[in-house]
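Chain by chain, the residues:
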Amino acid sequence: MTTKTEYTLHPDIVSFIETCLQKEHSESYLMDILHKIQDKYGYLSEEHMYEVAQRLQVPASTVSGVSTFYHFFRLQPRGKYAISVCMGTACFVKGADKVLNAFQTELGIGLGETTKDGMFSLENTRCLGVCGLAPVVTINEQVYSRVTLQQVSELINRILNKDVEKTT
Amino acid sequence: MGKILDQFNHIKQQLLQKREQYLAGSKTVIQIGSATCENAAGAQQVRAEFEKLLKASGRKDIHIKQVGCTGRCSQEPIVGVFVPDKFPFKYERVTVPKVQEIFQQHVLQGQPVVDLILDKKTSNLYNRLVTFSSLSTATTELPTKWENIFNERLKTRGVAEGSVRSFHGGCLGLYSAGEEGGRVGMLVFPEKVMYAFSTEKELDKIISSHFIEGKVYKPLLADIDPLINRFFSLYGDVAFFNKQTRLTLRNSGIIDPESLADYIANDGFEALALVLEKNDPQAIIDEISKSGLRGRGGGGYPTGRKWNDAITSSDPVRFVICNADEGDPGAFMDRSTLEGDPYSIIHGMAIGALAIGAQKGYLYVRAEYPLAIKRLENAIEQCCQVNLLGENILGSGYNFDLEIRLGAGAFVCGEETALMYSIEGKRGQPRLRPPYPTQSGLWGHPTVINNVETWANVPVIVRHGADWFARIGTEKSKGTKVFALAGKIKNSGLVEVPMGTTLREIIYDIGGGVEAGRTLKAVQTGGPSGGCIPAGLIDTPVDYDSLTQVGSIMGSGGMIVLDDEDCMVATAKFFLEFTQDESCGKCVPCREGTLRMLEILERITAGHGTMEDLDKLERLGRLIKKTSLCGLGQTAPNPVLNALKYFREEFITHIQDKRCPTQKCSKLTRFEIDPEKCIGCTLCARRCPVTCIKGTARKPHEIDQARCIKCGECFNVCKFEAVLKK
């Protein structure tokens, strides 16, 4: 996979890398680039990381080192609906661990896993700073506050129903 | 007036004119919170509804304004309806159906919707509100005393009962202790005037003139600082707010965080124009040193000294960095400041850059804060457009560029050397210090790193003077500190108080205490680097030194309240899990040591601990503190050591009785259904979130222990006490 023809990054990201190359300390933009890729594709694939290394002219080991160091970067694709349970102190004190457990049981997957149908993935997140409304769960970009255990299955069912509506 | 100030005033006039056109003479302002927390509570839908209703009404004299969050988290979304010369009414937990009511009744017909008023669950509408506040450093005695005298006097003077409502607030920090001459501050709504007096005779004069004749009594009017008055005049009638002194959060809830003109209209960038005009960088550093400002990120290093360190180097390339990587779980002051008042941070950094001779600055922000990032980007762009950032700022010949860099969820990047590596595009692993960043920082150049709150204080100090700032706080900790009050507290939210305020005042007077029926157990400060302060030490003043003395730290400002239902072992374990997970792996004591400590805690919470484990924990903890490379490891054992110091009995109960007194440790809890008592009502089975309760109607049910997540829902809902918690 060393030939240029296999490059698949979106042209917007490619041109962003090119503007970075014009700047001083271009290699320092690596994380910004990875953020952009994750925004676009949902995760950092091996191919994309390799392509970044080539285009930004940094060792592939550096790209891999950075991607694996930071929690925010995902190396696996997410589900269509990414459920994220906040594990900040306030949420913990208000029972976020139980909410997380309920999601795990309800979906039959563990933390960091995706359901077989690719619909849901489950992760925990660092404090979202919405501590006043704890416990907090985000599903894709939507924030749900004061989540109770009963709401867990309700939330999932609601999403499933909506998803069916959309696709039919 | 000099050339630079001319230029600044020119820009200011242009922006203000545009703002006037935009406001188009609006009289009524509907103000809606728009921070992440407000949005999570539904503020966006509320705003859309107001906009829809406003459009339908055809009124052109009403303006809808977005502001950052005021920090009254548990009552969000908050909507303010501000009409000139009327009470500044704020509504709590506004929902779309309530918008209709507020708009029809209050905005259009001028009748406030009493039931929804923030923090005032009363059907009585008062003619006037009065708040008594201390003029100097925190004391609640004087305001309380005068409040009582005032109420008695009103009665004897025949002022209708129930027409005036009184509060006693905290400190306004206008004078240093003793200088106020025994006077007390008295803020009166809706006139929004502040009196200062010290004798009953003077109070009588105010009552006669203001409360009986309805005329402001001018001789005793206090010269209240406009900075503090701005916040007080909008929020001073709410008990949660009027005990606070807002410097860092001075604009949160007041300005539109996406409008530079709004910031400028509130004295924004005046301080920068002043220092550019003077062009004396050393004078800025001296002023900051004199103010006694210490780093608000947790370390408490004197800011002025840090800046002085950076200018000793002969290297002409220097940087300033804002550490906005608020990774401490349970802390959200920085997010709120960034979302509610991004301009102040930029303003502070520009002044700092001028002081140390930096031409470039970086804002290192958590990627988890998309709204803060968006607002910062917008603010930087607006500042560049009017030449408050960029080349030759205001014609001064001085250049300053600001760039945002995103973190990616690594707690260790709050450590300054790790943060700099991260900006350089590397793994955020800390290195040994010295050399300190002020000597060899970003790409080897002298670099000053300060936290969001520290930067936000800089313009205030420059504008109002070091002496004014140093009057607030204690001898060694100057100014105010913002805390993110959360956990088992009635009024969770952002609290900014003068240093030296006691935990009791924060938790009870402002936070409203714990929920009814519960008792306060401990207060956690400093997040994963701090510790729990037991309820017995609640009179500890909050300043850098006092908190260290009781074994915790100031930290960045997270303050989590724990009640009798919280297990201290589980809480200690929670923090250690966090630091263990966040350990970067570079040094052995932190990487391996915290893991071993965590294993021991897991054993204890599963009922397999031994008494020797406690000694082991303490020995390991001390060792990790002494030998770790960076602040993360050096403080990681704190929550455990601190819990062992104050709550050792609880550890012993877990070990010897194999019991968790609060039933938080799920491995030590078990729910069972008593077949004698269960009547088979099926309620528990229906409510069980994991459907692990089996049984047919009118027959005893049974819990499948293998699938039970021990949430306790069955225990809570059973009406026949048939579910047993063991």
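Residues numbered from 1 in each chain as written. Chains lettered and ligands numbered in written order. Predicted model: local features only at pLDDT ≥ 70, side-chain atom pairs only at ≥ 80, totals over all residues. Heavy atoms only, no water.

Helix and strand counts for chain A come out as 7 helices and 4 strands. Counting from the amino terminus, chain A carries its helices and strands in the arrangement α-α-α-α-β-α-α-β-β-β-α. Dimensions of chain A along its principal axes, counting C-alpha atoms only, are 50 × 40 × 25 Å. Within chain A, buried positions represent 51% of all 168 residues. Within the structure as shown, chain A displays about 8100 Å² of accessible surface, and the carbon and sulfur contribution to it stands at 48%. Taking the average location of the 16 positive side-chain charges in chain A and that of its 19 negative ones, the two points are 7 Å from each other. (Helix = DSSP H or I, 4+ residues; strand = E, 2+ residues; numbered from the N terminus. Buried < 20%, exposed > 50% of the residue type's maximum accessible area, 1.4 Å probe, protein only. Areas by Shrake-Rupley, 256 points an atom, 1.4 Å probe, with all protein chains shown as cover. Lys, Arg positive; Asp, Glu negative; His and termini not counted. Charge placed at Lys NZ, Arg CZ, Asp CG, Glu CD.)

Core analysis: the largest hydrophobic core is formed by 134 residues, its most contacted members being Phe50(B), Leu260(B), Phe269(B), Trp307(B), Leu363(B) and Phe400(B). In terms of residue count, the dominant contributor to this core is helix α14 (residues 342-356) of chain B (10 residues). Ignoring any residue separated from it by four or fewer positions in sequence, one finds Phe50(B) in contact with Ile30(B), Ile32(B), Ile64(B), Val79(B), Val99(B), Ile102(B) and Phe103(B). With 74 residues, the next largest nonpolar core counts Val85(A), Ile109(A), Ala484(B) and Val723(B) among its residues. (Core = buried A, V, L, I, M, F, W, Y, C linked by side-chain atoms within 4.5 Å. Contact = heavy atoms within 4.5 Å.)

With domains assigned, chain A is organised as domain 1 (4-69) and domain 2 (81-167). Relative to domain 2 of chain A, the C-alpha centre of domain 1 of chain A lies at a distance of 30 Å. (Domains from an automatic or database assignment.)

Okay, the interface of chain B and chain A next. Taken together, the contact pairs 61 residues of chain B with 41 residues of chain A. Here chain B and chain A share an interface that buries about 4200 Å² over both sides, 60% of which is from carbon and sulfur atoms. Three residues, Ala408(B), Arg427(B) and Phe574(B), lead the burial of chain B against chain A; their summed loss comes to 14% of the area buried on that side. Contributions of two or more residues to the side of chain B that touches chain A are made by α2 (36-40), β11 (401-406), α16 (416-423), β13 (480-487), β17 (558-563) and α21 (568-582) of chain B. The leading source of residues in the side of chain B that touches chain A is α21(B), at 7 residues. In terms of residue class, the side of chain B that touches chain A is made up of 31 nonpolar, 12 polar and 18 charged. (Buried area = accessible area lost by both parts, 1.4 Å probe. Nonpolar A, V, L, I, M, F, W, Y, C, P; charged D, E, K, R; others polar.)

Okay, unusual backbone geometry next. Here Ala134(A) and Pro135(A) are connected by a cis peptide whose omega angle stands at -10 degrees. Tracing the backbone shows Pro135(A) in the loop between β2 (120-125) and β3 (137-139). With an omega dihedral of -5 degrees, the bond running from Glu76(B) to Pro77(B) counts as a cis peptide bond. Here Pro77(B) shows up in the loop between β2 (62-67) and β3 (79-82). Phi angles above zero are rare outside glycine, and Asn279(B) is one such case at about 55 degrees. As for its placement among the helices and strands, Asn279(B) is situated in the loop between α10 (270-278) and α11 (281-291). A residue is classified by how much of its surface remains accessible, and Asn279(B), at 55% relative accessible area, is exposed. Within the chain, Lys658(B) stands out as a residue other than glycine whose phi angle is a positive 50 degrees. Residue class for Lys658(B) comes out partly exposed when judged on its relative accessible area of 45%.

The next thing to look at is the domain arrangement of chain B. Accessible area lost upon the coming together of the parts serves often as the stated size of an interface. Residues and elements named next belong to chain B. Domain boundaries in chain B define domain 1 (26-67 + 79-116), domain 2 (128-237), domain 3 (267-468), domain 4 (480-566), domain 5 (569-656) and domain 6 (670-725). Just the C-alpha atoms count here: the centres of domain 3 and domain 5 sit 34 Å apart. In total, domain 3 and domain 5 occlude about 920 Å² of area from one another, counting both sides; carbon and sulfur atoms represent 74% of this. By the criterion of area lost to domain 5, the three top residues of domain 3 are Pro-329, Phe-411 and Pro-430, representing 48% of everything that side buries.

A cluster of basic side chains, namely Lys616(B), Arg619(B), Arg622(B) and Lys626(B), defines a positive patch on the protein surface. Mapped onto the fold, Lys616(B) is located in helix α23 (residues 611-627). (Patch = residues over 30% accessible without salt bridge, like charges linked within 9 Å, V, L, I, M, F, W, Y side chains within 5 Å. Salt bridge = Lys/Arg side-chain N within 4 Å of Asp/Glu carboxyl O.)

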